[in-house]
Amino acid sequence: MSSLRSNSATTLSSNISFQSKNPLFHTIFTFFPSIKTHSYSPYTVIRCSIQKRPEYIPSKISNHKYVRIFDTTLRDGEQSPGATMTTKEKLDVARQLAKLGVDIIEAGFPASSEADFEAVRLIAEEIGNNNSDGDYVPVICGLSRCNKRDIDKAWEAVKCAKRPRVHTFIATSEIHMKYKLKMSKEEVVEKARSMVAYARSLGCEDVEFSPEDAGRSEREFLYHILGEVIKAGATTLNIPDTVGYTVPTEFGQLIADIKANTPGIENVIISTHCQNDLGLSTANTLAGACAGARQVEVTINGIGERAGNASLEEVVMALKCRGEKVLGGLYTGINTQHIIPTSKMVEEYTGLQVQPHKAIVGANAFAHESGIHQDGMLKHKDTYEIISPEDIGLSRANEAGIVLGKLSFCSGRHALKSKMLELGYDIEGKELEDLFWRFKSVAEKKKKITDDDIIALMSDEVFQPQVVWQLADVQIACGSLGLSTATVKLIDSDGQEHVACSVGTGPVDAAYKAVDLIVKVPITLLEYSMNAVTEGIDAIASTRVLIRGEDDHAITNGSIGPTHHRIFSGTGADMDVVISSVRAYIGALNKMLSFGKLVSRYKKPEGSVVV
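All values reported here derive from a predicted model rather than from experimental measurement. (Residues numbered from 1 in each chain as written. Predicted model: local features only at pLDDT ≥ 70, side-chain atom pairs only at ≥ 80, totals over all residues. Heavy atoms only, no water.)

1. What about the overall build of the chain?
Item 1. Along its length, the chain carries 17 helices and 18 strands.
Item 2. Long-range pairs, those at least 24 residues apart, make up 69% of the contacts in the chain with a sequence separation of at least 6.
Item 3. Surface summary for the chain: the accessible area is close to 25700 Å², and the carbon and sulfur share equals 52%. (Helix = DSSP H or I, 4+ residues; strand = E, 2+ residues; numbered from the N terminus. Contact = heavy atoms within 4.5 Å. Areas by Shrake-Rupley, 256 points an atom, 1.4 Å probe, with all protein chains shown as cover.)

2. Observations regarding a nonpolar patch on the surface
Item 1. Together, Leu525, Tyr528, Met530 and Val577 give the surface a local cluster of nonpolar side chains, amounting to about 310 Å² of exposed area.
Item 2. Here the nonpolar patch gets 3 residues from one element, more than from any other, and that element is strand S16 (residues 523-532).
Item 3. Along the polypeptide, Met530 turns up in strand S16. (Patch = residues over 30% accessible without salt bridge, like charges linked within 9 Å, V, L, I, M, F, W, Y side chains within 5 Å. Salt bridge = Lys/Arg side-chain N within 4 Å of Asp/Glu carboxyl O.)

3. Observations regarding the packing of aromatic side chains
Item 1. Tallied over the entire structure, the rule returns 3 aromatic pairs.
Item 2. Between Tyr512 and Tyr585, the aromatic rings sit 3.9 Å apart at their centres with planes inclined by 5°, giving stacked as the arrangement. Of the two residues, Tyr512 sits in helix H16 (residues 507-519) while Tyr585 sits in helix H17 (residues 577-598), which places them 73 residues apart along the sequence. Side by side, Tyr512 and Tyr585 carry an identical accessibility label, which is buried.
Item 3. Through a chain of ring-to-ring contacts, three or more aromatic side chains come together here, namely Tyr512, Tyr528 and Tyr585.
Item 4. Lying across the ring of Tyr136, Arg53 places its NZ or CZ 4.2 Å from the centre.
Item 5. The aromatic ring of Phe117 is capped on one face by Lys153, whose charged end is 4.7 Å from the ring centroid. (Phe/Tyr/Trp six-rings, centres within 6.5 Å; stacked < 30°, edge-to-face > 60°. Buried < 20%, exposed > 50% of the residue type's maximum accessible area, 1.4 Å probe, protein only. Lys NZ or Arg CZ within 6 Å of the ring centre and 35° of its normal.)

4. Considering the pairing of strand S3 (residues 68-71)
Item 1. Here S3 shows a buried face lined by Arg68 and Phe70 and a second buried face lined by Ile69 and Asp71.
Item 2. In terms of strand pairing, S3 meets strand S10 (residues 295-298) through 4 bridges, oriented parallel. Along S10, the bridge assignment pairs Phe70 with Glu297.
Item 3. Where the polypeptide runs from S3 across helix H2 (residues 87-100) and back to strand S4 (residues 104-108), its parallel neighbour, the crossover connection is right-handed. (Pairing = 2+ DSSP bridges. Right-handed = clockwise from strand over helix to strand, strands pointing away.)

Next comes the structure, spelled out in structure tokens:
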């Protein structure tokens, strides 16, 4: 039997004709009449063969089956409350996205703040010119509204990249034009046309245009405005379902209608951007691709505004798993073995935890607890796994996942580095040294160390913001006989030690109050959660907190709205739940303090970004 572990597809002897009432598949066969409904077994598991990425040309793709992956994790994804990332974190994520093989990285919204401008510029300079991980250098894109100031900022930030792109947008739905823009159709068309032309006049040869809320826009008006921006020089037309309103048949028809009725559409790439308000973003994205879109806008883990965006890993693996026989042979240039490391990095940096049942990257995605399922897995893995976990970078060396223990550190840092490479993380230098000592400390206390333990420790050591305050020691006295008391020692960026004591309603409350006495920054704790990384009484505790700065730490959110208190996340891991909690709290504080320095020259623009 064929599986994702092979490059060919075979069928069982009991073939049946394909039939489905699923609207997604109705859409697929409606817009791809060339797809033949071959008789094949429902048990067949298919893997697309590795195909070459076509040469990048902004307005066309030489292979009509190739789908460009436009990742907007660093722009739309970071608009999620609490998902703020520092410049260093954004660079790390961009570097990982390049390893993943995305075609376009939307690095941010440069006009939103000086911090975002600088982050986009650095990504364009470093990631946009570095092909050390392969022959392909990703396009670096900056978002802008349809005004000269935004476009100037976006072009200034990305122009140093080998392949720079400016992405500009304006709303086209009746409700947006009437209530938000307060502009007539004619004014919107003229603004879009003139601003696309302006972007091209700056020397930008790759301009993307989005009619915001296209899913609820009048069709004839869409055809008209899209035709005008094509004449003005747009190379990609992105069709956003901004509020996640459409269903797959509707969205597929929208793309097909645009392809059939827009003058000059053969000279540009059609793109999709689907929000997940009704849980249909992945299905809508696939329907759009089957209807003719050759760029899809996605985010890692599906993060983004409100209910999020189409998930990169879901769209990519759907195309890889079913593309050859069901989805018209569509394929991408993604190196899927980097999916898990990228997902983990984004999860740690944003503080947005992936739910266990999340497709592809959730903790339960490859877990089998049912006795019937376990029996099938023991007999043949293909009975309940349509994707090989190794194909997405999920290491499963043995069923228990136990590979290192307290004697393992005798072989030194080389063994740990080798293990981290096996798990998809390439770390060295100080980061490896710090992780080694954390691992050694835990290994002396814990009998069995799993891959999940190692990843949790790595996240706590490596995926942390710039150090403003560092935890030295924590001492707790608690119980039912009196108030909990905490003594905390922190080290500042100059190496000076600071000690404070406090009481609280519990050990974590007391420790946090002691930290507050040292740091002297007014904040509010919004969310606190903890979970065990693995089973057992000696499990490592992973803590996540969300905090909000007060007073002077009130800044403007990356979504470009009115001034308010931005939310910051922090994570921590340790076998001691109090230490894990304090690490998470300090991590969030460090992110807030370091981010505050970057936005000191912030200038607030007008409008909002919800493409």
